[in-house]
Amino acid sequence: MESFFEVITETQKTSLKAAASFTDTYLIVVERIAQLNIEVARIAFEQSAEMALLCLEYSLSKVRQ
C-alpha cells in the first residue's frame, strides 16, 4: 500500500513539474508576442508619421505655387 502512495506522489510531482514548465514556456511566448506587437506598433507609428510629414510637405508646396 505504501508503494501505491509513493507512485501517486511521484506522479503528482511529475505532473506539477510538467505544468510549471509549460506555464513558464507559455509566459515566455506571451512576453515575446507582446514585444513583437510593441515593435510592430512602433514601426507603424513611425512610418505613418513619416507619411504624414511627406503629405504635409507636398500640400504646402502646392499651396505655395
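For the structure, check the block above.
Residues numbered from 1 in each chain as written. Predicted model: local features only at pLDDT ≥ 70, side-chain atom pairs only at ≥ 80, totals over all residues. Heavy atoms only, no water.

Attention now goes to the overall build of the protein. Along the protein, the regular secondary structure elements total one helix and zero strands. By the compact-globule yardstick of 11 Å for 65 residues, the protein is too spread out, its C-alpha radius of gyration being 28 Å. Structurally, the protein occupies a C-alpha span of about 95 × 10 × 5 Å along its principal axes. Out of the 65 residues in the protein, the part that is buried amounts to 0%. Accessible area for the protein stands at about 6,100 Å²; split by element, carbon and sulfur atoms hold 68% of it. Side-chain charges of the protein comprise 6 positive and 9 negative groups, with the mean position of each set lying 13 Å from the other. (Helix = DSSP H or I, 4+ residues; strand = E, 2+ residues; numbered from the N terminus. Rg over C-alpha atoms; globule rule 2.2 N^0.38 Å. Buried < 20%, exposed > 50% of the residue type's maximum accessible area, 1.4 Å probe, protein only. Areas by Shrake-Rupley, 256 points an atom, 1.4 Å probe, with all protein chains shown as cover. Lys, Arg positive; Asp, Glu negative; His and termini not counted. Charge placed at Lys NZ, Arg CZ, Asp CG, Glu CD.)

Okay, the pattern of salt bridges next. Evaluated as defined, the whole model comprises three salt bridges. For the salt bridge of arginine 42 with glutamate 46, the shortest nitrogen-to-oxygen distance reads 2.6 Å. Remark: glutamate 46 and arginine 42 occur in helix H1 (residues 2-64); sequence separation between them is four residues, near one turn of the helix. Using a relative accessible area of 37% as the deciding quantity, one classes glutamate 46 as partly exposed. One network of salt bridges, in which partners are shared, links Glu39, Arg42 and Glu46. (Salt bridge = Lys/Arg side-chain N within 4 Å of Asp/Glu carboxyl O.)

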